[in-house]
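The lines below spell out each chain.
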There are 2 protein chains.
Amino acid sequence: MRLSQYFVTTRRDLAKQDSINAHLLLKAGYVSQVAAGVFTLMPLGWRVARKIEQIIREEMEAIGASELLMASLQPRAIWEATGRWQDPNLREILYVDETGESCFAPTHEELSAWHLASAVQSWRDLPIALFQFQTKFRREKRARSGLLRGREFLMKDLYSFHIDQKDHDRFYEQVAKAYQKAFKRMGLETVRTKASGGVFSREFSDEFQVICPTGEDEIYYEPKSQTGYNKEVISQVPEPEKQKLERARSIEVGNIFKLGTKFSQPLGLMYANEKGEKHPVVMGSYGIGITRALGAVVEIYNDKDGLNWPATVAPFMAHLIDLTDSKAGEKLEQELTKAGVEVLLDDRPVAAGVKLVDADLFGFPIRLVISPKTMEQKTIEWKERSSGKVELIKYLEIVKRVTDYQRQQKST
Amino acid sequence: MRLSQYFVTTRRDLAKQDSINAHLLLKAGYVSQVAAGVFTLMPLGWRVARKIEQIIREEMEAIGASELLMASLQPRAIWEATGRWQDPNLREILYVDETGESCFAPTHEELSAWHLASAVQSWRDLPIALFQFQTKFRREKRARSGLLRGREFLMKDLYSFHIDQKDHDRFYEQVAKAYQKAFKRMGLETVRTKASGGVFSREFSDEFQVICPTGEDEIYYEPKSQTGYNKEVISQVPEPEKQKLERARSIEVGNIFKLGTKFSQPLGLMYANEKGEKHPVVMGSYGIGITRALGAVVEIYNDKDGLNWPATVAPFMAHLIDLTDSKAGEKLEQELTKAGVEVLLDDRPVAAGVKLVDADLFGFPIRLVISPKTMEQKTIEWKERSSGKVELIKYLEIVKRVTDYQRQQKST
């Protein structure tokens, strides 16, 4: 891809932001702010979001979940059935259209249960697991911290349906493992954290927290097992165990809930067991904030010069700068593309200094520079963004070197 | 993929629907209706939508457009700037939240121009073309015809930005070609039809219409050139030319608009020319209804037994039924998957008759049946959905035959 044909605008005039991710993503042109808590994902930012989506899609499919896209616009009747329309906590965050008859659903427990009520007959139809990627809306009065807490955001939500609690417990653990694997693939080590059920359920739930000094959450965790408790539930932990825990700031990137029959019962989602007796289906719900995870990756992977993406979610693998008057850059761009490397050739008519500074700001894993000097030596200058290490690579070896690096980085 | 692990529910009890696409998509479990004009895309339907998206993405990238995801939730101020907030025609369809301060934008002329106002400085920054796939909401009082006219739907929208009308005209023709190519790839032959500008513009626009007896539009067209006029503008065509036109029912699947400076002017989207003089940017907007195109494909490709997908958008290439007690079906499913063929193995514990009927209803291009009889002959029964032609293929040749067929079908 050539930068002159790709839409990226950096911002030099940026006012002070309330978070690192807002500052860097706006400055590097990955996002653009429309209103409090509302962002457009510009082309570079959207590429990262799609890579995060694809990682999660693969992990959801691996545990047997089917992808769909549920309606966002929902009639108030199904929300009244579960009592959530009347619930002041939920109503405070719900976007309702001006007629008062429909909402833009921030979560899909009701609708998924409603769909399955007409589809599930017997125990043979279960378990079922359905997931989607969707823009959600939430009337967030405290919208802040860039992509971390918004009024419009991308979510992956998963709902599962089981004959009993035992089968649900089994799947719940599978999801927990899949979540930690997905987060790890995008560069996020997560602590599995016990939390209260929130608006969704009265039982304990689990959160996946990324330890980060700029996070707005507070957790108490055991470093060895990477498990812990959030601030709300730590009071219930016995004192001797509490002593072993460390306190840390963190960002919640995912959560999983045991819902029991809270939604299936009022919405008539029943199945017949082997004896023909009707029972309510046992449900679970599981969320990952796609845009929030993107923001969390930025909070972790950055330095004074800009962004520093893990290879698995970087919008491009390599940033290519050609400081010569030749066609060497275009030629190498074509060769790398052909070899399966996503490369951005900075062919803008701007000063070399601007290109070099922007390469650090954009934060792709590798920067490649062709200059009159490297041309003479038949080499390319290679800089690894994460270590800052610079090397000269023989021109004839560069494609292999990049593809090897990409393979190695994406598999770790 | 095994059907027992994939969520599909057919509906035998379906009430009469107002359109073929609603009837077949609901019956075959591709969609589920939530309210008037609001559908969930169930796993099979979502697979088709994603294939349509990918075809369009490739054609948009081929003309140099960059993909992004713009905010849906928008402050009223940018809509007031262009006068559309006050426009009764638009207000009638706009979903506004209950505070009256934000809308869920059904189109993005305002926001795209607003974003670019801070990004574009000089003629060197232009042209720019940006596109997105997004769920749109529209307060449609006459929601009907399944996926053809809904209140919530998937759109691909593209916006382009140019120094002058001449440059825009050039790009407009490129988009028209890309649209016709994209539609053709998904099995839709379109007539390029002159139309009025509608709410977007006062100039002529172009619509892409699929001739279809069940369509709600009416066009007058010349069969040889596949160009024509819609009902609203036919009155302006001189009588001798009118004589050459044929009348037909049709479905509008895309439209393209010349916007001039209608949006750039009020939103301050200006550029400096080579002399440093400021001029408003010339804009175009271009839409394809993803879910509507899906509905149109169904209206065209169906018969009394069910759906009949073109291979390019079929959710799966092959429907595999194993009527033996052996593992032959599972083995073939694995071999086909390995060879890059999307295959659905119907391993449900239901009667053979149900599986055969559902295969026709689901409408994948090929049905493959393994029975005790074909096992004995070391063959597989192959049925092409579109022609109904049945053949026995040697077991050892089946993978090659399917991959050859797939390659040939997807390239035409």
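Conventions and cut-offs
- Residues numbered from 1 in each chain as written.
- Chains lettered and ligands numbered in written order.
- Predicted model: local features only at pLDDT ≥ 70, side-chain atom pairs only at ≥ 80, totals over all residues.
- Helix = DSSP H or I, 4+ residues; strand = E, 2+ residues; numbered from the N terminus.
- Rg over C-alpha atoms; globule rule 2.2 N^0.38 Å.
- Contact = placed C-beta atoms within 7 Å.
- Domains from an automatic or database assignment.
- Nonpolar A, V, L, I, M, F, W, Y, C, P; charged D, E, K, R; others polar.
- Pairing = 2+ DSSP bridges.
- Axes fitted to C-alpha atoms, helices over the stretch in contact; angles between N-to-C directions.
- Least-squares fit on C-alpha atoms with pLDDT ≥ 70 in both.
- Buried ≥ 20, exposed ≤ 12 C-beta atoms within 10 Å, placed from the backbone.
- Core = buried A, V, L, I, M, F, W, Y, C linked by C-beta atoms within 7 Å.
- Parallel < 35°, antiparallel > 145°, perpendicular 65-115°, else oblique.
- Left-handed = near helix turned anticlockwise from the far one by under 90°.
- Arc of directions from axis to C-beta.
- pLDDT = per-residue confidence, 0-100.

Caption draft 1: Inspection of the overall build of chain A at higher detail. The helix and strand inventory of chain A stands at 12 helices and 23 strands. At 24 Å, chain A has a C-alpha radius of gyration in line with the 22 Å of a compact globule built from 412 residues. Dimensions of chain A, computed from C-alpha atoms along their principal axes, come out at roughly 80 × 50 × 45 Å. Of the contacts formed within chain A by residues at least 6 apart in sequence, a portion of 69% connects residues at least 24 apart.

Caption draft 2: Region of interest: the domain arrangement of chain A. Residue and element names in this part refer to chain A. Each assigned domain of chain A is listed with its residue range as follows: domain 1 (3–303) and domain 2 (316–411). For domain 1 and domain 2, the distance between their C-alpha centroids amounts to 37 Å. Between domain 1 and domain 2, the contact holds 6 residues from the first and 8 residues from the second. Its residues assigned to classes, the side of domain 1 that touches domain 2 comprises 3 nonpolar, 2 polar and 1 charged.

Caption draft 3: Expanded view of the environment of L148 of chain B. Turning to its location among the elements, L148 of chain B is positioned in the loop between β7 (128–137) and β8 (152–162). Discounting chain neighbours no more than four positions away, the residues touching L148 of chain B are S19, N21, I251, R292 and G295 of chain B.

Caption draft 4: View of the sheet that holds strand β23 (residues 390–394) of chain B. Residue and element names in this part refer to chain B. Taking strand neighbours across the sheet as the criterion, the 5 strands line up as β20-β19-β21-β22-β23 in an open arrangement whose pairing is mixed. Whereas interior strands pair on both sides, the edge strands pair on one side only; in this sheet they are β20 (343–345) and β23. Ignoring strand direction, the axes of neighbouring strands in this sheet form an average angle of 25°. In this sheet, β23 lies alongside strand β22 (residues 379–384) in antiparallel orientation, the contact comprising 5 bridges. Its bridge partner being in β23, T379 is matched across the sheet by K394. Together, β19 (318–322) and β21 (366–370) form the strand contacts of helix α10 (residues 352–362), whose direction differs from that of β19 by roughly 180°.

Caption draft 5: Structural view of the relation of the copies chain B and chain A. When chain B is fitted onto chain A, the two copies agree to an RMSD of 0.0 Å after a turn of 180° and an axial shift of 0.0 Å. Overall, the copies show the geometry of a two-fold rotation axis. The residues that chain B uses at the interface reappear at the interface of chain A in 100% of cases, marking a shared surface.

Caption draft 6: Local environment of unusual backbone geometry. Cis rather than trans, the peptide bond between L126 of chain A and P127 of chain A has omega equal to 0°. Within the secondary structure layout, P127 of chain A lies in the loop between α5 (109–117) and β7 (128–137). For S145 of chain A, which is not glycine, the phi dihedral falls at a positive 55°. Tracing the sequence through the fold places S145 of chain A in the loop between β7 and β8 (152–162). In the Ramachandran plot, K378 of chain B falls in the positive-phi region, its phi being about 55° despite a non-glycine side chain. Structurally, K378 of chain B can be placed in the loop between α11 (372–376) and β22.

Caption draft 7: Spatial organisation of the interface of chain B and chain A. Of the residues lining the interface, 40 residues belong to chain B; the matching set on chain A comes to 40 residues. Of all the elements in the fold, those that place two or more residues in the side of chain B that touches chain A are β1 (31–35), β2 (38–41), α2 (43–62), β3 (66–67), β4 (73–75), β5 (95–96), α5 (109–117) and β7 of chain B. The residue makeup of the side of chain B that touches chain A, split by class, is 24 nonpolar, 11 polar and 5 charged.

Caption draft 8: Structural view of the sheet that holds strand β22 (residues 379–384) of chain A. All names here are of chain A. Taken in spatial order, the 5 strands of this open sheet run β20-β19-β21-β22-β23, and their pairing is mixed. The outermost strands of the open sheet, each flanked by one partner alone, are β20 (343–345) and β23 (390–394). Strand after strand, the sheet turns through a mean of 25° between neighbouring axes, direction not considered. Sheet analysis places strand β19 (residues 318–322) next to β20, joined by 3 bridges and oriented parallel. Looking at β20, one finds that H319 is bridged to L344.

Caption draft 9: Broad picture of α5 of chain B. Buried residues dominate α5 of chain B, accounting for 8 of its 9 residues. Every buried residue of α5 of chain B is accounted for by E109, E110, L111, S112, A113, W114, H115 and L116 of chain B.

Caption draft 10: Structural view of the nonpolar core. Membership of the largest hydrophobic core comes to 231 residues, with the highest contact counts inside it found for A293 and A318 of chain A together with A293 and A318 of chain B. When sequence neighbours within four positions are dropped, the list of residues in contact with A293 of chain A reads I52, M186, L188, V253 and I288 of chain A.

Caption draft 11: The arrangement of the packing of helix α2 (residues 43–62) of chain A against helix α6 (residues 165–185) of chain A in detail. Residues and elements named next belong to chain A. For the pair α2 and α6, interaxial distance at closest approach is 9 Å and the crossing angle is 155°. In terms of orientation, α2 and α6 fall into the roughly antiparallel class. Between α2 and α6 lies a crossing whose hand is right-handed. Residue-level inspection shows I55, I56, E59, M60 and A62 of α2 in contact with α6, the latter providing A178, K181, A182 and R185. Looking at the contact of α2 with α6, its residues break down into 6 nonpolar, no polar and 3 charged.

Caption draft 12: Summary view of helix α9 (residues 328–338) of chain B. All names here are of chain B. The complete set of buried residues in α9 reads G329, L332, E333 and L336. Viewed end-on, α9 has its buried residues packed into an arc of 105°, placing them on one side of the element. Opposite its buried face, α9 presents the exposed residues K331 and K338, each directed more than 90 degrees away. Of the residues flanking the end of α9, it is G340, one or two places downstream, whose phi is positive at about 85°.

Caption draft 13: Focus on the confidence of the model for chain A. On average, chain A scores 96 in pLDDT, and the residues at 70 or more come to 99%. Two summary scores accompany this predicted model of the complex, namely pTM at 0.97 and ipTM at 0.97.

Caption draft 14: Looking closely at the environment of F131 of chain A. Residue and element names in this part refer to chain A. Within the secondary structure, F131 is located in strand β7. With 26 C-beta atoms packed within 10 Å, F131 lands in the buried category. In this structure, the C-alpha to C-alpha distance between F131 and P75, residues 56 residues apart in sequence, is 21 Å. Setting aside anything within four residues of it in sequence, one finds F131 in contact with M60, A65, E67, K156, D157 and L158.

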